[in-house]
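# Summary of structural features
Single-letter residue listing:
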Amino acid sequence: MSFGETPITLVGNLTDDPELKFTEGGAALAKFTIAVTPRSFDRTSNQWKDGTTAFYRCAAWRALAEHVAESLAKGSRVVAMGRMRQHDWTTGQGEKRSMLAVEIDDIGASVRFTTVQINGKRPVQNSPTRDDVWNTANNPVEPGDEPPF
């Protein structure tokens, strides 16, 4: 993240399936909206009350965009981290327009109210070596040994 950028974390639901597009240069772009509704407990009525829902237009790029499009759908509850960006443009009629959007750096399914199954490939790990103090296969722990920290 660069100096002066506005970081943001959103917890909410996708309002529609992500829209996957590709730029002329071949970069993947996923566009989607996250709806965030604050809740508060009203002690007088002894009930939870929903606040005003805010809708955040979001964009993810490259591999993240493809993963979002393949993994998430309308209604998915997500936790997303990114940066607020302002976009300015001029319409075909010469009118100046501006909007805020979130450029997503990372996103995942929320497991607060449901479970998810991860079925992607795990990252390739380096093969263990004798110098890997956490690898008990190559560094058997003897009785009385101190941990390596």
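These remarks concern the structure in this document.

The rules we used
- Residues numbered from 1 in each chain as written.
- Predicted model: local features only at pLDDT ≥ 70, side-chain atom pairs only at ≥ 80, totals over all residues.
- Heavy atoms only, no water.
- Helix = DSSP H or I, 4+ residues; strand = E, 2+ residues; numbered from the N terminus.
- Contact = heavy atoms within 4.5 Å.
- Areas by Shrake-Rupley, 256 points an atom, 1.4 Å probe, with all protein chains shown as cover.
- Core = buried A, V, L, I, M, F, W, Y, C linked by side-chain atoms within 4.5 Å.
- Buried < 20%, exposed > 50% of the residue type's maximum accessible area, 1.4 Å probe, protein only.
- Polar contact = N/O pair within 3.5 Å; in protein donor to acceptor, adjacent residues only side chain to side chain.
- Patch = residues over 30% accessible without salt bridge, like charges linked within 9 Å, V, L, I, M, F, W, Y side chains within 5 Å.
- Salt bridge = Lys/Arg side-chain N within 4 Å of Asp/Glu carboxyl O.

Moving on to the overall build of the chain. Within the chain, the secondary structure is distributed over one helix and eight strands. Taken from the N to the C terminus, the helices and strands of the chain come in the order β-β-β-β-β-β-α-β-β. In the chain, of all internal contacts separated by at least 6 residues, the share reaching a separation of at least 24 is 56%. In the form shown here, the chain has an accessible surface area of approximately 11,700 Å², with 50% of it arising from carbon and sulfur atoms.

The next thing to look at is the nonpolar core. Grouped together as the largest cluster of nonpolar side chains are 18 residues, with contacts concentrated most on Leu 10, Phe 32, Ile 34, Cys 58, Val 68, Ile 104 and Ile 107. Broken down by element, this core gets its largest block of residues, five residues, from strand E3 (residues 28–36). Setting aside its immediate chain neighbours within four residues, Cys 58 contacts Leu 10, Ala 30, Lys 31, Phe 32, Ile 34, Val 102 and Ile 104.

With that settled, consider the side chain of Ser 110. Turning to its location among the elements, Ser 110 is positioned in the segment after strand E8 (96–109). Only 3.4 Å separates the side chain of Ser 110 from the backbone nitrogen of Arg 112, close enough to count as a polar contact.

Our next topic: a nonpolar patch on the surface. Where nonpolar side chains cluster on the molecular surface, the patch consists of Val 111, Val 116 and Ile 118 and spans about 310 Å² of accessible area. Within the secondary structure, Val 111 sits in the segment after E8.

With that settled, the discussion passes to unusual backbone geometry. Unlike most non-glycine residues, Asn 46 shows phi in positive territory, near 60°. On the secondary structure map, Asn 46 appears in the loop between strand E4 (39–42) and strand E5 (47–50). Classification of Asn 46 by relative accessible area gives exposed; the value is 58%. Positive phi is not limited to glycine here, since Arg 62 has a value of about 55°. Locating Arg 62 in the fold gives a position in helix H1 (residues 62–71).

So, about the environment of Ile 107. Mapped onto the elements of the fold, Ile 107 is located in strand E8. By relative accessible area, which is 15% here, Ile 107 ends up buried. It is 9.9 Å that separates the C-alpha atoms of Ile 107 and Leu 72, two residues lying 35 residues apart in sequence. Excluding anything up to four places from it in sequence, Ile 107 contacts Phe 32, Leu 64, Val 68, Leu 72, Val 78, Val 79 and Ala 80.

This brings us to the pattern of salt bridges. The final tally for this structure, using the stated rule, is nine salt bridges. Ionic pairing is found between Arg 85 and Glu 5, a salt bridge with its closest N-O pair at 2.7 Å. A residue pair is termed long-range when its members are at least 10 positions apart, and Arg 85 in strand E7 (residues 77–90) and Glu 5 in the segment before strand E1 (6–14) qualify at 80 residues. The salt bridge involving Lys 21 is made with Glu 19; its shortest N-O contact spans 3.2 Å. When its relative accessible area of 40% is taken as the criterion, Lys 21 is described as partly exposed. Of the residues examined, Glu 19 reaches a relative accessible area of 37% and is grouped as partly exposed.

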